[in-house]
Structure formats: structure tokens, C-alpha cells
Amino acid sequence: MGLTLIMGIGMRKRFGSKIVLLGLLLFWALNSSAGETKARLYDRIGGYDAISHFSNGLIDGFYSDSRLSRFTEGVTPPIEVVERDKQLTTEYLCKIAGGPCFYIGKDMHTTHKDMKITKEEWAALMDHAIRLASVWNIEPADKEEFLKLFDNIKLTIEVQNPS
Ligand code: HEM
């Protein structure tokens with residue numbers, strides 16, 4: 001019993017520093033590999049400014065596109081409504097791209113589901129999204145990833161028979 005205890009203490013002394021070293025190495029390895037993970041999409045596409053610029057153009061496009069006039073009756077609403085749309089769209093896109101934003105608008109699915117948005121109407125909005133993202137001077141793969149993320153919103157808002 002006494003011998004086992006002494007041996008136990010001896011082993012701990014001999015291996016203790018090695019275990020600490022191993023632990024440190026593991027910690028370093030895990031951290032350095034975490035450091036190499038890709039930056040969030042939000043950062044890769046240019047952060048808040050890029051998303052805000054994109055959203056402003058998207059809402060302007062939405063209100064001026066005749067293919068979407070059944071939603072707007074061809075009329076641009078008061079500035080405060082347009083500004084609210086732009087702000088909420090910015091926060092929503094920022095959030096889904098992994099940015100530090102809170103979306104405090106109405107639930108997207110509930111807001112849009114009864115509109116029965118057709119795939120042609122969705123394609124019209126996508127035209128604006130593609131045009132607005134085309135000016136970003138970023139990696140093509142990041143642009144593609146953002147446009148894919150954007151296109152997936154059609155599932156959230158129940159676009160009819162999406163392609
Ligand atoms: C063709 C596609 C779309 C159409 C036709 C459409 C149409 C509309 C309409 C008519 C409203 C006003 C609803 C109301 O106030 O009663 C609305 C609200 C809104 N939409 Fe869309 N939308 C589309 C796609 C999108 C996308 C892609 C986004 C985000 C990137 C978006 C974000 C919003 C937001 C944030 C609101 C306001 C929610 C609130 O009032 O809190 N919409 N949309």
C-alpha cells in the first residue's frame with residue numbers, strides 16, 4: 001500500500017510535467033487550427049458597409065421594378081417606410097451572413113408566405129441582387145456563397161415552386 005502510494009507520487013512527478021506539456025501542445029494545436037478557419041462570410045463580403053449598400057440598392061430596385069409592381073402598386077411609399085425596409089433588410093442579411101447584427105423585424109416567413117411570390121418575381125429580385133453584388137471587388141467564391149445564401153431566402157419566404 002505504502003509502496004504503491006510512493007510509486008504513484010513518483011510517477012506523477014515523472015510524468016506530470018510531460019502531461020502539462022502535452023496539454024499545452026494540444027491547446028496550441030487546437031487554437032492555431034481555429035485561427036486558420038475561414039473568416040465569416042459577413043467579413044469576406046465587406047462587412048456592414050457592403051451589406052448596407054447592397055440592401056439600399058435592393059429596396060430601390062424592388063420599388064422601381066415593374067415586374068414587382070403588384071406588391072408596390074407602382075408607388076414608392078413615404079421615405080420612412082423605405083428607410084425602415086432598407087434598415088431591416090440590412091440587419092437581416094448581416095445576421096444570416098454571420099455578422100454582429102440583430103434582426104428585429106417581423107418574422108420573414110409569416111410576413112411573406114401569403115404573398116404567393118412566384119418564381120418569376122423571385123428571379124426579378126435576384127436580378128437586382130446579382131447586379132448589386134457584381135460591383136464587389138472580392139473573391140468570386142465569396143460572392144457566389146453570398147448569392148447562394150441570398151437565393152435560399154426563397155425557401156424561408158415560400159416562393160412558389162422555386163427552381
Ligand atoms: C420577390 C421577393 C420579395 C417580395 C415580393 C417581398 C415583398 C414584401 C412586402 C410586400 C413587404 C411588406 C409587408 C407588409 O408590411 O405588410 C415585405 C416586407 C419585408 N421584406 Fe420582403 N419581399 C421579398 C423578398 C425579401 C427578401 C429577399 C428580404 C431580405 C433580404 C426581404 C425582407 C423584408 C423585410 C425585412 C420586410 C419587413 C418586415 C417588417 O415589417 O418587420 N424581403 N416584403
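In short, a report on the structure. Predicted model, so just to flag it, every value in this text is computed and none were measured. Per chain, the residues get numbers from 1 upward, laid out in the order the sequence is written. With the structure being a predicted model, the display of local features is reserved for residues of pLDDT at least 70 and the display and counting of side-chain atom pairs for 80 or more, all residues being used for whole-chain, interface and lining totals.

Some points on unusual backbone geometry
Trans is the common state for peptide bonds, and a negative phi is the common state for residues other than glycine. At Glu 73, a residue that is not glycine, the phi angle is positive and equals roughly 50°. Numbering of helices and strands runs from the N terminus; a helix is a DSSP stretch of H or I covering at least four residues, while a strand is a stretch of E covering at least two. The topology assignment puts Glu 73 in the loop between helix H4 (69–72) and helix H5 (79–96). At Lys 116, a residue that is not glycine, the phi angle is positive and equals roughly 50°. Along the chain, Lys 116 turns up in the loop between helix H6 (108–112) and helix H7 (119–133). A tally of 10 C-beta atoms within 10 Å means that Lys 116 is categorised as exposed. Neighbour counting defines burial: a residue surrounded by 20 or more other C-beta atoms within 10 Å of its own C-beta is buried, one with 12 or fewer is exposed, and intermediate counts give partly exposed, using backbone-placed C-beta atoms.

Brief notes about H7
What a helix is expected to span follows from its residue count: subtract one and scale by 1.5 Å. Its 15 residues place the ends of H7 20 Å apart at the C-alpha level, agreeing with the 21 Å of an ideal helix rising 1.5 Å per residue. As for H7, its buried residues are in contact with helix H3 (47–64) and helix H9 (153–156). What counts as a contact here is a pair of residues whose C-beta atoms, placed from the backbone, lie within 7 Å.

Considering the site of the ligand
Around the ligand there are 17 residues in total, and Phe 71, Leu 88, Gly 105, Lys 106 and Leu 125 lie nearest to it. For the shell around the ligand, the secondary structure elements donating two or more residues are H5, H6 and H7. Here the element with the most residues in the shell around the ligand is H5; it accounts for four residues. In the shell around the ligand, the residues fall into 11 nonpolar, four polar and two charged. Residues are counted as near a molecule or strand when the C-beta atom, derived from backbone positions, lies within 6 Å of that molecule or strand. For this classification, Asp, Glu, Lys and Arg are treated as charged, while Ala, Val, Leu, Ile, Met, Phe, Trp, Tyr, Cys and Pro are nonpolar and the rest, including Gly, are polar.

Points about the packing of H3 against H7
Helix packing for two helices is described by the angle between their axes and how far apart those axes are. Remark: H3 packs on H7, axes separated minimally by 9 Å, with the N-to-C direction vectors making an angle of 145°. For the element pair H3 and H7, the recorded crossing hand is right-handed. The segment H3 lies against H7, with Phe 54, Gly 57, Leu 58, Gly 61 and Phe 62 engaging Leu 125, His 128, Ala 129, Leu 132 and Ala 133. Residue composition of the contact of H3 with H7, grouped by class: seven nonpolar, three polar and no charged. For helices, the axis comes from a line fit to the C-alpha atoms of the stretch in contact; other axes are also lines fit to C-alpha atoms, and the angle between any two N-to-C directions lies between 0 and 180 degrees. Handedness of a crossing follows from how the near helix is turned relative to the far one, being left-handed for an anticlockwise turn of less than a right angle and right-handed for a clockwise one.

A few points about the environment of Pro 162
Structurally, Pro 162 can be placed in the segment after H9. On the neighbour-count criterion, Pro 162 (15 C-beta atoms within 10 Å) is partly exposed. Taking the C-alpha atoms as reference points, Pro 162 and Lys 119, separated by 43 residues in sequence, lie 5.5 Å from one another. Pro 162 has contacts with Lys 119, Trp 122, Lys 154 and Leu 155, leaving out every residue within four places of it along the chain.

Quick word on the environment of Thr 72
Relative to the helices and strands, Thr 72 is located in helix H4. For Thr 72 and Phe 62, which are 10 residues apart along the polypeptide, the C-alpha to C-alpha distance reads 8.4 Å.

Points about the packing of H7 against helix H8 (residues 140–151)
In contact at an axis separation of 11 Å, H7 and H8 are set at 160° when each is read in the N-to-C sense. As judged from the angle between their axes, H7 and H8 are roughly antiparallel. Of the two possible hands of crossing, H7 and H8 adopt the one that is right-handed. Two secondary-structure elements touch here, H7 through Met 126, Ala 129, Ile 130 and Ala 133 and H8 through Lys 143, Phe 146, Leu 147, Phe 150 and Asp 151. When the residues that make up the contact of H7 with H8 are grouped by side-chain class, the tally is seven nonpolar, no polar and two charged. Orientation categories follow fixed angle ranges, with anything under 35 degrees roughly parallel, anything over 145 roughly antiparallel, 65 to 115 roughly perpendicular, and all other angles oblique.

Here's the deal with the nonpolar core
Formed by 14 residues in total, the largest nonpolar core has its most connected members in Ile 45, Ile 51, Phe 54, Leu 93, Cys 94 and Ala 97. Elements represented by at least two residues in this core include exactly H3, H5 and H8. Per element, the largest residue contribution to this core is five residues, and it comes from H3. By convention in this section, buried Ala, Val, Leu, Ile, Met, Phe, Trp, Tyr and Cys residues joined through C-beta atoms within 7 Å make up a nonpolar core.

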